[in-house]
Amino acid sequence: MNKITVLGSMNLDTTIRTERLPKPGETVHSKEMFTGGGGKGANQAIAAARNGGEVRFIGAVGKDTAGKTILELLEQDDINAQGIKELAHTRTGSAYVMVDDKGENSIIIHGGANLKISESHVSEVSQLITTSDFLIAQFETNLSSIEKAFEIAKQANVTTILNPAPAPKEISAKLIQLTDILVPNETELEMITGRKVTNQKELDNAAQVIHQMGVKGLIVTLGSKGAFYSFASVASGFVLAFKVDAKDTTAAGDTFIGALTAKLSVDMRNIEEAIHYGNKASSLTVQRYGAQPSIPYESECLKS
Ligand SMILES: Nc1ncnc2c1ncn2[C@@H]1O[C@H](COP(=O)(O)OP(=O)(O)OP(=O)(O)O)[C@@H](O)[C@H]1O
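Residues numbered from 1 in each chain as written. Predicted model: local features only at pLDDT ≥ 70, side-chain atom pairs only at ≥ 80, totals over all residues.

Where an unreviewed UniProt entry is consulted, the protein chain appears under the name Ribokinase, with the organism given as Tetragenococcus solitarius. A UniProt comment under Function (unreviewed entry) is attached to the protein chain, and it reads "Catalyzes the phosphorylation of ribose at O-5 in a reaction requiring ATP and magnesium. The resulting D-ribose-5-phosphate can then be used either for sythesis of nucleotides, histidine, and tryptophan, or as a component of the pentose phosphate pathway." (UniProt positions renumbered as here; feature names shortened; annotations may be inferred.)

Below, the structure is given as structure tokens:
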């Protein structure tokens, strides 16, 4: 069982379904409304835990009802919460997600406690990282805390996985050097490399740029097309997505990363198989509404 530490965000999401998204100044009525757990960090942790990983979380919530709800949700998925701080005078992170009938979404996020994770917080719980096989982070928490966690991981020979989402304007050279596997979508890859990525040749070229930056593993999620991977001087290729009727793509990328990491062997020999599994898990997520409620369990992913 892979031991996985996730450093990242936790939000309480309010999802509102509408026929179509409102234009600026317009009012529309909702068809349905519900709350559920979200935040890229928590989504990835839950995807990993539901698919066989032993997961620890480093993050922060406020001392409020939303924070309590989030902690209960993580507990339901057996996620180790020793690395989570409850901060006074701070709101728990929240997201307001509008989804229309075509599956398009618009999201507003209030970072709150997620933006208060400090380097010293990470150092205090470093033992969670050093006893893991993998460390995963995204860009919904402070860069300095991610760099600290990746430094601790590299010193302990723990494989670091960076999901550069939401798309960064640039990525620090320090963090890149500490990253073993980068998992962007196409937009994020374009932002990082400064190149258009619309076909295989451009993907190959972008992969070379990433490898030259010092990152040996690249996995690019391509939505309904699946994923592309390139491991410097070892292997590269496409793994096709499952053909499904997508209703809401919220947490598709998060499910992919969590499920993939739960299945990836530490020597990365089974990379294609692990990506195939990530595709399967996220193909189930896109057929359901919401973030965490839509993330599948291993038993569902193993059904054909
Ligand atoms: N329409 C779809 N049909 C089947 N699989 C899909 C579809 N959309 C996404 N996926 C699966 O989910 C994975 C991640 O999707 P995507 O590349 O859209 O990530 P993302 O942009 O990070 O998504 P999000 O930000 O919505 O979570 C894909 O690699 C694929 O396996």
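Here the focus is unusual backbone geometry. Note that the residue after A165, namely P166, is joined by a cis bond; omega there is -5 degrees. Summarising the element assignment, P166 is placed in the loop between strand 9 (159-162) and helix 6 (173-177). One non-glycine residue, A251, lies in the positive phi region at around 70 degrees. With respect to the helices, strands and loops of the structure, A251 is situated in the loop between strand 13 (235-240) and helix 9 (252-263). Here A251 falls in the buried class, since 31 other C-beta atoms lie within 10 Å of it. (Helix = DSSP H or I, 4+ residues; strand = E, 2+ residues; numbered from the N terminus. Buried ≥ 20, exposed ≤ 12 C-beta atoms within 10 Å, placed from the backbone.)

Before going further, it helps to examine the site of the ligand. Looking at the ligand, there are 23 residues lining it, with T221, S224, A246, G253 and S282 nearest. Those elements giving two or more residues to the shell around the ligand turn out to be strand 12 (226-231), helix 9 and helix 10 (271-285). At four residues, helix 9 tops the list of elements feeding residues into the shell around the ligand. A per-class count over the shell around the ligand returns 11 nonpolar, 11 polar and one charged. (Near = placed C-beta within 6 Å. Nonpolar A, V, L, I, M, F, W, Y, C, P; charged D, E, K, R; others polar.)

By size, the foremost hydrophobic cluster in this structure holds 77 residues, and its most contacted members are A45, L135 and A149. Leave out the neighbours within four places in its chain, and A149 touches L7, I58, V122, I129, L135 and A137. (Core = buried A, V, L, I, M, F, W, Y, C linked by C-beta atoms within 7 Å. Contact = placed C-beta atoms within 7 Å.)

With that settled, consider the packing of helix 1 (residues 40-50) against helix 9. For the pair helix 1 and helix 9, the least separation of the axes is 7 Å and the interaxial angle reads 40 degrees. Taken together, the axis directions place helix 1 and helix 9 in an arrangement best described as oblique. The way helix 1 lies across helix 9 gives a crossing that is right-handed. Here helix 1 contributes K40, N43, Q44, A45, I46, A47 and A48 to the contact with helix 9, which in turn contributes D254, T255, I257, G258, A259, T261 and A262. Here the residues of the contact of helix 1 with helix 9 are counted per class, giving seven nonpolar, five polar and two charged. (Axes fitted to C-alpha atoms, helices over the stretch in contact; angles between N-to-C directions. Parallel < 35°, antiparallel > 145°, perpendicular 65-115°, else oblique. Left-handed = near helix turned anticlockwise from the far one by under 90°.)

This paragraph deals with the sheet that holds strand 3 (residues 30-38). With respect to topology, four strands assemble into an open sheet ordered 3-2-6-7, the strand pairing being mixed. Looking at the sheet topology across the chains shown, the edges are occupied by strand 3 and strand 7 (105-110). Adjacent strand axes in the sheet meet at a mean angle of 15 degrees, parallel and antiparallel pairs treated alike. Pairing between strand 2 (residues 11-18) and strand 3: eight bridges, direction antiparallel. In the strand pairing of strand 3, L12 is matched with G37. In the packing of helix 2 (residues 65-76) onto the sheet, contacts are made with strand 2, strand 3 and strand 6 (93-99), and the angle to strand 2 comes to roughly 95 degrees. (Pairing = 2+ DSSP bridges.)

What follows deals with the sheet that holds strand 10 (residues 181-182). The strand order 5-4-1-8-9-10-11-12-13 describes an open sheet built from nine strands, whose pairing is mixed. Because the sheet does not close on itself, it has two edges, and the strands there are strand 5 (80-87) and strand 13. Direction of pairing for strand 9 relative to strand 10: parallel, over a ladder of two bridges. When the bridges of strand 10 are listed, L162 appears paired with L182.

Topologically, L71 is positioned in helix 2. Spatially, the C-alpha atom of L71 lies 40 Å from that of K196, the residues being 125 residues apart in sequence.

With that out of the way, let us pick up helix 8 (residues 200-212). Between its first and last C-alpha, helix 8 extends 18 Å over 13 residues, near the 18 Å set by a 1.5 Å rise per residue. Three or more residues of helix 8 are buried, namely L203, A206, A207 and I210. Axial view of helix 8: buried residues confined to an arc of 105 degrees, hence all on one face. Facing away from the buried side of helix 8, by more than 90 degrees, are the exposed residues K201 and Q212. On its buried face, helix 8 sits against strand 10, helix 7 (186-193), strand 11 (217-221), strand 12 and strand 13. (Expected span 1.5 Å × (residues − 1). Arc of directions from axis to C-beta.)

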